[in-house]
Protein chains: 2
Amino acid sequence: MIRVSIIGSGNVAQHLIQVFSKVTDIELVQVFSRTKESVSHLIPIDKITSNFSELKAVDLTIIAVTDDAIASVSEQLSFQNQFVVHTSGSVSINAIDSKNRQGVFYPLQTFSKSKEVDFKIIPICLEAKNEKDFQTLETVAKSISNVIYKVDSEQRKALHIAAVFVSNFVNHLYQIGNDICIENDLSFDILKPLIQETANKILRLSPNEAQTGPAKRKDTQVINAQLNFLKNDNQKEIYKLLTKSIIDNGKKL
Amino acid sequence: MIRVSIIGSGNVAQHLIQVFSKVTDIELVQVFSRTKESVSHLIPIDKITSNFSELKAVDLTIIAVTDDAIASVSEQLSFQNQFVVHTSGSVSINAIDSKNRQGVFYPLQTFSKSKEVDFKIIPICLEAKNEKDFQTLETVAKSISNVIYKVDSEQRKALHIAAVFVSNFVNHLYQIGNDICIENDLSFDILKPLIQETANKILRLSPNEAQTGPAKRKDTQVINAQLNFLKNDNQKEIYKLLTKSIIDNGKKL
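Residues numbered from 1 in each chain as written. Chains lettered and ligands numbered in written order. Predicted model: local features only at pLDDT ≥ 70, side-chain atom pairs only at ≥ 80, totals over all residues. Heavy atoms only, no water.

As recorded by an unreviewed UniProt entry, chain A carries the name DUF2520 domain-containing protein and is attributed to Flavobacterium sangjuense.

**A few points about the domain arrangement of chain A**
Residue and element names in this part refer to chain A. Where we set the bar: An automatic or database domain assignment supplies the start and end points of every domain. Contact definition: two residues touch when any of their heavy atoms are within 4.5 Å. The term salt bridge refers to a pairing of a side-chain nitrogen on Lys or Arg with a carboxyl oxygen on Asp or Glu at a separation within 4 Å. Side-chain atoms alone can form a polar contact between residues adjacent in sequence; in general such a contact is a pair of N or O atoms within 3.5 Å, and within protein one must be able to donate a hydrogen while the other accepts it. Helix and strand definitions here come from DSSP, where helices need a minimum of 4 consecutive H or I residues and strands a minimum of 2 consecutive E residues; each element is numbered from the N-terminal end.
What the domain assignment lists for chain A is domain 1 (2-151) and domain 2 (156-252). Between the C-alpha centres of domain 1 and domain 2 the distance comes to 35 Å. On the domain 2 side, the residues contacting the 14 residues of domain 1 number 6 residues. Of the charged contacts in the structure, one is a salt bridge between Glu-127 and Arg-156, with a shortest N-O distance of 2.8 Å. Applying the counting rule to domain 1 against domain 2 returns 3 residue pairs in polar contact (both at pLDDT 80 or more). For the side of domain 1 that touches domain 2, the elements supplying multiple residues, two or more each, are β6 (101-107) and β7 (124-128).

**Some thoughts on the relation of the copies chain B and chain A**
Here is the rule we go by: Only residues with pLDDT of at least 70 in both copies count here: their C-alpha atoms drive the least-squares fit that superposes the copies.
The operation relating chain B to chain A is a screw motion whose rotation component is 180°, with 0.0 Å of axial translation and a residual RMSD of 0.0 Å. The operation mapping one copy onto its partner corresponds to a two-fold rotation axis. Relative to the rotation axis, the closest C-alpha in chain B is found at Val-170 of chain B, a distance of 2.8 Å. Both copies share a contact surface, since 99% of the interface residues of chain B are interface residues in chain A too.

**Considering the interface of chain B and chain A**
Here is the rule we go by: By convention, the term buried area covers the 1.4 Å-probe accessible surface removed from two parts as they join, with the contributions of both added.
Counting from both sides, the interface comprises 92 residues of chain B and, opposite them, 91 residues of chain A. Taking both partners together, chain B and chain A bury about 8,700 Å²; carbon and sulfur atoms supply 67% of that area. Where chain B touches chain A, the interface holds 0 salt bridges. Mapped by element, the contributors of at least two residues to the side of chain B that touches chain A are α4 (153-183), α5 (192-201), α6 (207-210), α7 (220-229) and α8 (233-252) of chain B.

**Concerning the UniProt feature "domain: DUF2520" (unreviewed entry) in chain A**
Stated formally: UniProt positions are given in the numbering used here, feature names are shortened, and annotations may be inferred rather than shown by experiment.
Within this numbering scheme, the UniProt entry marks residues 122-246 of chain A as carrying the feature "domain: DUF2520" (unreviewed entry). For the annotated span residues 122-246 of chain A, helix accounts for 66% and strand for 6% of the residues, and the straight-line distance between the end C-alpha atoms is 29 Å.

**Considering the pairing of β6 of chain A**
All names here are of chain A. Heads up, the condition is: Partly exposed residues are those whose accessible area sits between 20% and 50% of the maximum for their type, while under 20% is buried and over 50% is exposed, using a 1.4 Å probe and protein chains only. Being paired, for any two strands, means DSSP has found at least two bridges between them.
With 6 of its 7 residues buried, β6 lies for the most part within the structure. Where β6 meets β7, 5 bridges bridge the pair, whose relative direction is antiparallel. Along β7, the bridge assignment pairs Phe-105 with Leu-126.

**Considerations on empty space enclosed by the protein**
Going by this rule: For each structure, a 1 Å grid was placed over the protein atoms alone; sets of points admitting a 1.4 Å probe that cannot get out are labelled cavities, open sets with protein on both sides within 12 Å along at least five of seven lines are labelled pockets, and lining residues have an atom within 4 Å of a point. Grid points are joined across faces, edges and corners, and a volume is the space filled by probe spheres set on the points.
For the coordinates displayed, the defined rule picks out 2 cavities of 30 Å³ or more. In this model, the largest cavity occupies a volume close to 50 Å³. Along the walls of the largest cavity sit Thr-110, Ser-167, Asn-168 and Asn-171 of chain A together with Thr-198, Lys-201, Ala-210, Gln-211 and Thr-212 of chain B, which together make up its complete lining. For the lining of the largest cavity, the secondary-structure elements that each account for two or more residues are α4 (153-183) of chain A together with α5 of chain B. It is α4 of chain A that provides the largest number of residues to the lining of the largest cavity, a total of 3 residues.

**A word on α7 of chain B**
All names here are of chain B. Cut-off, in case you're wondering: Here the arc refers to the directions that run from the helix axis out to each C-beta atom.
What α7 keeps buried is the set Val-222, Ile-223, Gln-226 and Leu-227. Mapping the buried residues of α7 onto a view down its axis gives an arc of 130°, with all of them on the same face. Away from its buried face, by an angle of more than 90 degrees, α7 presents the exposed residues Thr-220, Gln-221 and Asn-228.

**Structural notes on the nonpolar core**
Put simply, the test is: Among buried residues, those of type Ala, Val, Leu, Ile, Met, Phe, Trp, Tyr and Cys that are joined through side-chain atoms within 4.5 Å constitute a nonpolar core.
Core analysis: the largest hydrophobic core is formed by 80 residues, its most contacted members being Leu-191 of chain A together with Leu-191 of chain B. Ignoring sequence-local partners within four residues, the contact set of Leu-191 of chain A consists of Gly-177 and Cys-181 of chain A together with Leu-108, Leu-159, Ala-162, Ala-163 and Val-166 of chain B.

**Observations concerning α8 of chain B**
Filter applied, for reference: Each residue after the first adds 1.5 Å to the expected span of a helix.
Taking 1.5 Å of rise per residue, 20 residues should cover 28 Å, and α8 of chain B covers 29 Å from first to last C-alpha, within 8% of that figure. For α8 of chain B, the set of buried residues is Asn-234, Gln-235, Ile-238, Tyr-239, Leu-241, Leu-242, Thr-243, Ser-245, Ile-246 and Asn-249 of chain B. For α8 of chain B, the secondary structure elements touched by its buried residues are α4 and α8 (233-252) of chain A together with α4, α6 and α7 of chain B. Between the side-chain oxygen at the start of α8 of chain B and the backbone nitrogen of Asn-234 of chain B there is a gap of 2.9 Å, and the oxygen is on Asn-232 of chain B.

**Describing the packing of α4 of chain A against α5 of chain B**
As a reminder of what qualifies: Axis definition: a line fit to C-alpha positions, over the contact stretch in the case of helices; interaxial angles, taken between N-to-C directions, run 0 to 180 degrees. When describing relative orientation, an angle under 35 degrees is termed roughly parallel and one over 145 degrees roughly antiparallel, while 65 to 115 degrees is termed roughly perpendicular and anything else oblique. What makes a crossing left-handed is the near helix being turned counterclockwise from the far one by less than a right angle; a clockwise turn instead makes it right-handed. Under this grouping Gly is polar, as are all residues other than the nonpolar Ala, Val, Leu, Ile, Met, Phe, Trp, Tyr, Cys and Pro and the charged Asp, Glu, Lys and Arg.
Two numbers describe how α4 of chain A lies on α5 of chain B: the axes approach to 9 Å, and their chain directions differ by 15°. If you check the angle between α4 of chain A and α5 of chain B, you find them roughly parallel. Every pair of crossing elements has a handedness; the one defined by α4 of chain A and α5 of chain B is right-handed. Contacts between α4 of chain A and α5 of chain B involve Ala-163, Val-166, Ser-167, Val-170, Asn-171 and Tyr-174 of chain A on the former and, on the latter, Leu-194, Ile-195, Thr-198 and Ala-199 of chain B. Broken down by class, the residue content of the contact of α4 of chain A with α5 of chain B amounts to 7 nonpolar, 3 polar and no charged.

Laid out in structure tokens, this is it:
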């Protein structure tokens with residue numbers, strides 16, 4: 001039985017609390033949350049604390065707070081020489097105060113409070129400073145997911161940027177598609193099968209093989225007509241820049 | 001029984017030939033292809049012609065060729081007063097030579113020759129100039145898909161642009177994610193569950209509700225660190241512009 005505590009009450013913390021509550025070989029010992037109400041629907045109230053001095057030493061303390069707060073939270077821990085990890089894609093392992101043994105437990109997924117996720121297929125990227133701690137992390141990660149990667153801090157930085165492109169920026173392109181539909185009395189639903197198929201395609205084809213569209217074909221007539229149609233400045237600039245980048249990419253290959 | 005002929009041998013034409021061959025209430029009468037070999041694996045050779053004068057008048061002639069070629073192909077048809085449609089998102093219904101009755105049959109999907117698609121869930125956007133022709137189109141479309149929309153030429157233009165954003169541009173962001181992974185000795189596979197979840201999320205949440213990431217949080221520390229990490233000029237510019245657009249979008253709401 002590995003004893004785990006979680007610090008935080010945001011999206012990632014809430015999803016972790018939910019999934020660890022269901023796992024038999026993990027004991028979820030405590031949750032730290034400034035406001036007990038925000039997690040009291042997920043865990044018995046006597047396991048919630050909003051006082052750092054009440055947090056006990058356990059096998060693994062997971063700090064799931066905003067990037068800026070990781071360092072100061074890890075300083076406020078009252079215990080020492082314990083294993084403490086954060087869950088951030090962009091923060092170095094060394095942000096954890098070195099009075100404890102440092103590590104990272106980064107689930108590469110987009111979490112929304114209102115949407116359940118299947119943890120089994122979420123890649124979890126692990127980092128620790130010694131083999132024994134890494135094994136603890138691996139055991140915990142394997143209890144909730146089938147997809148575990150060893151990723152160092154520099155690689156994780158790159159991975160987080162890649163994730164911003166394929167998730168946050170992709171979602172913003174969905175937003176633009178949505179806005180264009182609404183302006184033209186069309187339901188955004190028309191686009192949903194295309195969105196699904198575009199995401200499914202790269203399970204079997206490389207992004208380069210899967211690329212289609214006017215930019216890929218260098219179809220300047222369609223490109224100019226579409227640019228002309230767009231009135232919103234940001235949309236126009238994004239259209240121009242992504243078209244240029246697709247064309248430049250074709251030249252490299 | 002509705003008699004249909006298809007002109008073309010590209011991605012869209014090949015997918016249409018395949019799906020219409022399987023439907024019982026449609027008779028696929030002829031396929032026009034400049035090189036018979038490119039479609040001979042899909043339809044008996046005696047139904048293929050590369051001579052416009054051999055194309056017979058049928059209930060519905062579908063021109064599935066590149067946008068630029070639609071007008072000239074429709075001029076070369078030897079029959080008149082028949083119902084002729086194209087399959088393009090960006091071309092007006094009037095590109096079809098007016099010696100025949102004009103229409104549009106636009107399947108909103110990204111087609112790759114090497115990947116099969118499930119036509120039943122592909123939205124097909126229809127346009128015709130009279131009710132009887134529209135009904136013919138609707139019957140044909142319903143024989144292969146469950147999702148039919150009436151979309152006029154102006155709306156279709158907007159829809160095609162929206163499709164470029166949510167499919168072609170999205171795929172290019174996958175390409176960038178892929179490139180960043182490879183440069184950092186990471187498998188692109190790590191990103192695939194995130195890509196799937198990002199596409200699945202907007203089935204239940206609006207793109208605005210689903211938006212996460214450093215730009216949404218206006219986390220300038222992460223944004224600047226990530227910009228600093230990116231060395232490729234196009235990647236840097238795309239990062240800047242999409243971040244700006246997400247932040248601007250937050251201000252509007």
